[in-house]
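# A closer look at the structure
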Amino acid sequence: MGRMMETSAHWGTYLVEVSEDGKNVVAAHPYQDDPDAAPAIGNVAGGHRHASRVARPSIRRRWLEGGPRPDPRRGDPAEEYVEVGWDTALDLLARELDRVRTDHGNASIFGGSYGWGSAGRLHHAQSQLHRFLNRIGGYTRSVNDYSRGASLVLLPHLIGAQAAMDVRTKPVSWPDIAEHTDLVVSFGGIRRSNTWVVPGGHARHVGSGLARAAGRSTRIVALTARRDDAFADLGAEWVGVLPGTDTAVLLALIQVLVVDGLADEKFLATHTVGAEEVRRYVLGEVDGVPKTPEWAERISRTPAGRIRELAHEMAAGRTLVNVVYSVQRGERGEQAIFAALTLAAFLGQLGLPGGGFAHGFGSMGDYGLGVAGVTLPTFPQGVNPIADFIPCARISDLLLQPGTELPYNGRRLRLPEIKLAYWAGGNPFHHHQDLRRLRRALATLDTFVVHETHWTATAKHADVVLPVASTLERDDVAAGFGDSRLRAVRRASAPYGQAREELWIFSRLAERLGADFAEGLDSGQWLERIYEQWRAAPGSPPAPPFAEFWRDGGVPLPQEPYRDTAFSAFRTDPAAHPLQTPSGRIELFSRTLAGFGLHDIAGHAKWREPTQWWGSPLAREFDLQLLCNQPSHRLHSQLDMGAASQSTKVAGREPISLNPADAAARGLRDGDVALVRSAQGSLLAGVVISDALLPGVAQMHTGAWYDPSAPEIADCVNGNVNVLTRDVGTSTLTQATSGAHVLVAVTAYDGPLPPVRAYQPPKLVTEAG
């Protein structure tokens, strides 16, 4: 057996076994005292030295020989890359960065890197890239995220910025639920696999255990299209609801509270504004359509009787309304958040122990732990002098529509013309929708630069690919929000090939451009600096000097429970503790939103038919709704070639789950290969038949590596769902991703089965000498 070393990733802290020569990780093991360790640990050994690793700086030949320019061949599977030395690559890139900023201005550089590249506090790819771009004059940036982009824009209008933050960092906790809550009603399932993931990782997984404890004392009802969205240990009741129709069910619940005299009128009068507008809407006084349970059933197929019963159950005891992140990742997705908050207000339990509104149970492993998180060491990015930005999910709009205006949050953003995009630590071919459109967008660039450990689809679309050391190949410190320990993450093996740390890369690039990135420090010295700055900062917990911390492998972090949950002080005295809204109250009708004059946003929560759902004309051709949710055996697309991720494949590619009736109607059996089409594209998937799905609903996980190697058969033969999903904003207010579900047609594929080439590097030639 080789030596064992502790390491950390977003899916947790675990042990790696390193070969005797120190060059390879031969195995990865969870800690025995971590019963909820993530299966993704099983991908580490196979991915560490996989053939898809980027070994040397590589330049796309057409860019190298033809120069910077838009190119529709960018990303073509036949493209060839030339491996060059570091000096050659850095000289070429520095000249191109200088050309772009000189001829077109720094706003023509887009600093991408949306993604979960590294769990470390120093080697965090986005921070490194943004610091570098700030040092050379700035860049066009992105804001918000793909996880909860609609909520991040909407909630500050309804409850104020601080309360919106408190809903994330100080929500009702699992211990609160176990002690005080009679009923949790969750729109979207509370999935165990999502509790394995925390930005930055945790020393041990604790979320699943806390959820189990709550499940022993609290009833949980999960409204979702898939029964097993709520993990079995919770004993949750499943109430089926079709994707994208949650808002209708929520409005019907409010209607029952109003009609049956169950609404908390005192709370509405003292803590909210706009209840009367909502009341008139759900009673049908505005549009002539009462939002009854029968109305909601026609939209959602959720039984009207169960909706009516559920409203009474919610009013009869302490109830928490939870909405998972994925519910708002659809067209009109912010309306479900708006309606859920409105329902919680009509119940009148916001700010009570174990009651009110939550937005994150079942979405993230650090949500609702009940621990007051502490600040953590941070690598400083500096100040970006460029004002231009986009919501992150509008990257294709930015590249395809320069000079136009994008409505966003009551403003109109002018989209600059981007000549160079720089990506480090992320994979838009996982996060972004409609990959045909994304490829057209990337083709408009003069230059696309990517830092990568592996030859992902993003790297295969780049002009300049720089190999970076992985988490296992560099020293760092790691912790997540609410963590019990700040950990020293020691290098387990030498970097692969000629891979370098990003700090090394950006330091040398900055020198060529007349800027100072590293301030004369190497990565070891930077680690000590950010640790000691954190240790000396006001509010930081007691911690030893860096040398002692590194020797001991970490330092404990306080686990003090918070008492002042979101809305608790506001509930006690709304005049003394007003919210940061125009009224100081919860705005169930927002005059600000109504005043924006947007065609798809009203001042209150409202049902609006999406352009793509089971009731739309397009459903005559594409007759199944495909749920696109997060995978259980990998994080996003990371290490999809690893053993754990590959163990979930069917017929060598990503599976699609179908209800037995839907499979039978299409002549499909377990293990078959299906052709899945949408209005946007097509893919091949292996078939899994499951009675956990509602009829008319299919399901696939996101994150399969994109493989366009057989376009005559399908856009992706490995099952990347983003060839199917739509690239449209949730609304003109929020402009977030709408990729959580899409209409598809599924048929048997009986042709020759193409090999999967997603995990192979492109054609590489080495520069002479």
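Higher on the page you've got the structure.
First things first, this report covers the structure right here in the doc.

Each value, and the rule that gives it
- Residues numbered from 1 in each chain as written.
- Predicted model: local features only at pLDDT ≥ 70, side-chain atom pairs only at ≥ 80, totals over all residues.
- Heavy atoms only, no water.
- Helix = DSSP H or I, 4+ residues; strand = E, 2+ residues; numbered from the N terminus.
- Polar contact = N/O pair within 3.5 Å; in protein donor to acceptor, adjacent residues only side chain to side chain.
- Contact = heavy atoms within 4.5 Å.
- Buried < 20%, exposed > 50% of the residue type's maximum accessible area, 1.4 Å probe, protein only.
- Salt bridge = Lys/Arg side-chain N within 4 Å of Asp/Glu carboxyl O.
- Pairing = 2+ DSSP bridges.

## Regarding the side chain of Thr734
With respect to the element layout, Thr734 can be found in the loop between strand E28 (697-701) and strand E29 (741-748). Within polar-contact distance, the side chain of Thr734 engages the side chain of Thr730 at 2.5 Å. Leave out the neighbours within four places in its chain, and Thr734 touches Ala150, Val153, Leu154, Glu334 and Tyr408.

## As for helix H5 (residues 149-159)
Counting buried positions along H5 gives 9 out of 11 residues, so the element sits mostly inside the fold. Listed as buried for H5 are Gly149, Ala150, Ser151, Val153, Leu154, Leu155, His157, Leu158 and Ile159. Against helix H6 (161-169), helix H14 (334-347), strand E13 (356-358), strand E15 (405-408), strand E23 (586-587) and helix H22 (591-595) lie the buried residues of H5. Just downstream of H5 lies Gly160, where phi reads positive at about 90°.

## Notes on the side chain of Arg437
Structurally, the position occupied by Arg437 is in helix H17 (residues 435-442). Its relative accessible area of 13% is what places Arg437 among the buried residues. Excluding its chain neighbours within four sequence positions, the residues that come into contact with Arg437 are Ser396, Asp397, Leu400, Gln401 and Asp727.

## What about the pattern of salt bridges?
This structure, assessed with the given rule, holds 59 salt bridges. As a salt-bridge pair, Arg60 and Glu79 come within 2.6 Å of each other at their nearest N and O atoms. Here Glu79 lies in the loop between helix H2 (61-66) and strand E5 (80-83) and Arg60 lies in strand E4 (residues 58-60), a separation of 19 residues in the sequence. Taking the shortest distance from any N to any O, the salt bridge between Lys291 and Asp287 comes out at 3.0 Å. Several salt bridges converge on common partners, so that one network encompasses Arg60, Arg62, Asp71, Arg73, Arg74, Asp76, Glu79 and Asp463.

## Observations regarding the pairing of E28
In the case of a regular strand, side chains alternate between the two sheet surfaces. Among the 5 residues that make up E28, 5 are buried, leaving the element largely enclosed by the rest of the structure. Burial along E28 is two-sided: the face carrying Val697, Gln699 and His701 and the face carrying Ala698 and Met700 are both buried. Relative to E28, strand E25 (residues 655-658) runs antiparallel, the two sharing 2 bridges. When the bridges of E28 are listed, Leu658 appears paired with Ala698.

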